Structure formats: C-alpha cells, structure tokens
Amino acid sequence: MADLKAVDVEKAKEHFEIYDFEGVGKVDGKDLGDLLRSLDLKPTIETIMKNGGTKKKGERVITFEEFLPIYSQLKKDKDIGTKEDFMEGLKVYDKSENGTMLAAELAHVLLSLGERLTDPECDEIMKTCAGQEDDDGFIKYEPFIKAVMGGPFPEEQ
C-alpha cells in the first residue's frame, strides 16, 4: 500500500501471521478485531463488522492482501474519543459538580448507550476500573475514564 510505510506493512505482516492460526495466509473474520487491536488500533464492533469481521468462526476468512487496505484506512481514522470528550459526557451525571457520579448511573450508561455492554461485561469494567464507591454510592469518574482508556495493560508512568 502506497500510503503505509514499509515498517507499518512489516508490522502488519508480523501480526497477521500471529493470527493466521492455520498457517495458510488467512485470518478468520472472527479474529479481525483482535488483530487490529494488536496493532494499537481501537475499532468499534460496528467498524470491525463493516470491514469483514464476523461473530462466528469460519464464516469468512481474510487474506493479507484484503487486510492491508482495512489496516491502512483504520490507521488513518482518528475518530476516537479523547479523555476530555468522555469527561464532558459524564459531567451530565455530576449533579454536585465535584467529579463524582452515582455508580448505578455509570452502569446504566454502559448498559444502554453506544455499543452496549452485557451485564457481565459491565460488572467486570465496574469492578476493575470504577474504584470504590463512597457511602452514598458515588464514584470519581476521572479515574474510571483513565483506567478504561489505559486498556488492559496500562503503561507505567
């Protein structure tokens, strides 16, 4: 691809080969999201499905030649929310304007807006990222946002 640097193509090839579990030069559509995330991209489920991802194994396979344009396009896309975007969105629930919101309201947002989470996914994120609730059921939402945006393996600072 002309718009990808040689180092990006090489990196993509290395990651593609890791997800080519059969060693036949093809990646299952079910693994497309994981492959893209391994390349430091943050595609939504909708984006993955739009680009050939599948929910079930064996529905579709993707060759490296088909994958490169997908990678190139998503690498260019900068439509990712920033910490400030998320802070602004959660301020709506900050009635006291002190950086806190009800944990129950946060769970409701995770379960009902955008790419909705399942109950177990919501419980996991709340347990891992939300921190301790105070006596009134409030949590500080800035540390929550930082934890979620840091991903499963946040970098040491």
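Every residue gets a number counted from 1 within its own chain, in the order that chain's sequence is written. Local features in a predicted model are, by the rule used here, given only for residues with pLDDT of at least 70; side-chain atom pairs are given and counted only at 80 or more, and totals for whole chains, interfaces and linings are based on all residues. As a rule here, side-chain values come from all non-hydrogen atoms in the structure, and water together with hydrogens is ignored.

A. Unusual backbone geometry, seen in detail. For D40, which is not a glycine, the phi torsion comes out positive at approximately 65 degrees. With respect to the helices and strands, D40 occurs in the loop between α2 (32-38) and α3 (45-50). The residue E97 is not glycine, and still its phi comes out positive at about 55 degrees. Going along the chain from the N terminus, every DSSP run of H or I of four or more residues is numbered as a helix, and every run of E of two or more is numbered as a strand. For E97, the position within the fold is in the loop between α5 (83-91) and β3 (100-102). Taking relative accessible area as the criterion, E97 reaches 72% and is therefore assigned exposed. Relative accessibility decides the category of a residue: with a 1.4 Å probe and only protein chains considered, values under 20% of the type maximum give buried, values over 50% give exposed, and everything between is partly exposed.

B. Representation of the environment of T82 in the model. For T82, the position within the fold is in the loop between α4 (64-76) and α5. Classification of T82 by relative accessible area gives partly exposed; the value is 34%. Taking C-alpha positions, T82 is 9.6 Å from I145, a pair spaced 63 residues apart along the chain.

C. Local environment of the pattern of salt bridges. Salt bridge, as used here: a side-chain nitrogen of Lys or Arg that lies within 4 Å of a carboxyl oxygen of Asp or Glu. Here the structure, examined in full by the defined rule, presents seven salt bridges. Of the charged contacts, one joins E17 and K13 as a salt bridge, the two residues approaching to 3.9 Å between their closest N and O atoms. Within this pair, E17 and its partner K13 are both found in helix α1 (residues 6-19), separated by four residues, close to a single helical turn. Owing to a relative accessible area of 32%, K13 belongs among the partly exposed residues under this scheme. Bridged by salt links that share partners, the residues K83, E142 and K146 form one connected network.

D. How the structure looks around the UniProt feature "domain: EF-hand" (unreviewed entry) in the protein. The feature "domain: EF-hand" (unreviewed entry), as given by UniProt, occupies residues 7-42 and 81-116 in the numbering adopted here. Along residues 7-42 one finds 56% helix and 8% strand; the C-alpha atoms at either end are 20 Å apart. Secondary structure over residues 81-116 splits into 53% helix and 8% strand, and the C-alpha atoms at its two ends are 16 Å apart. UniProt positions are given in the numbering used here, feature names are shortened, and annotations may be inferred rather than shown by experiment.

E. Quick peek at helix α6 (residues 103-112). Taken as a whole, α6 has its buried residues at A103, L106, A107, V109 and L110. Down the axis of α6, the sector holding all buried residues measures 155 degrees, keeping them to one side. Any two residues whose heavy atoms approach within 4.5 Å are treated as being in contact. Those residues of α6 that are buried lie in contact with α5, β3, α7 (119-129), β4 (138-140) and α8 (141-150). Looking one or two residues beyond α6, the residue adopting positive phi is G114, at roughly 60 degrees. Here, the arc refers to the directions that run from the helix axis to the C-beta atoms.

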